[in-house]
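Here is what each chain is made of, one letter per residue.
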Amino acid sequence: QVELVESGGGLVQAGGSLRLSCAASGRIFSIDVMGWYRQAPGKQRELVARIFSGGSTVYADSVKGRFTISRDNAKNTMYLQMNSLKPEDTALYYCNLNRGAAGTWGQGTQISVSS
């Protein structure tokens, strides 16, 4: 069972940037589908971005052009580069790994964007 640990969260002013990392305790395979999700207070967890085998990606409309998801399988790590942050990006950010029918979640890292 792979465990995921997010890092890189924090407090940033609107317009700023942050880079999240998601480190896996075991090997990441190219067939694994990985993604970032977020949950703001009082709201449901929502997809931010996903990255598939071969490197194809999908993004939520709200982050397109501002966020970039990437992965380094050799380092067993996934990243989320977040630019032009907005107060509405404030949330607990989770990384996710799907391998076949099994899914694994990290514990989350908080992003707070001040106006």
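Owing to the predicted nature of the structure, the values given are computational and were not obtained by experimental measurement.

> Would you mind going over the packing of aromatic side chains with me for this structure?
Applying the stated criterion across every chain, the model contains 2 aromatic pairs. Measuring from centroid to centroid gives 5.0 Å for Y37 and W105, while their planes differ by 65 degrees, and the two rings are edge-to-face. Taken together, the residues Y37 in strand 4 (residues 33-39) and W105 in strand 10 (residues 102-105) connect sequence positions 68 residues apart. Judged by its relative accessible area of 15%, Y37 is buried. W105 gets classed as partly exposed once you look at its relative accessible area, which sits at 39%. Seen in terms of ring centroids, Y94 and W105 are 6.4 Å apart; in terms of plane orientation they differ by 90 degrees. Their pairing is edge-to-face. Highlighted residues: Y94 in strand 9 (residues 91-99) and W105 in strand 10, separated in sequence by 11 residues. Three or more aromatic residues joined by ring pairs make a cluster, and in this case those are Y37, Y94 and W105. Lying across the ring of Y79, R19 places its NZ or CZ 4.0 Å from the centre. Here the basic side chain of R45 rests over the ring of Y94, its NZ or CZ set 3.8 Å away from the ring centre.

The rules behind these values
- Residues numbered from 1 in each chain as written.
- Predicted model: local features only at pLDDT ≥ 70, side-chain atom pairs only at ≥ 80, totals over all residues.
- Heavy atoms only, no water.
- Phe/Tyr/Trp six-rings, centres within 6.5 Å; stacked < 30°, edge-to-face > 60°.
- Helix = DSSP H or I, 4+ residues; strand = E, 2+ residues; numbered from the N terminus.
- Buried < 20%, exposed > 50% of the residue type's maximum accessible area, 1.4 Å probe, protein only.
- Lys NZ or Arg CZ within 6 Å of the ring centre and 35° of its normal.

The quantities given are spatial measurements derived from coordinates; they are silent on function.
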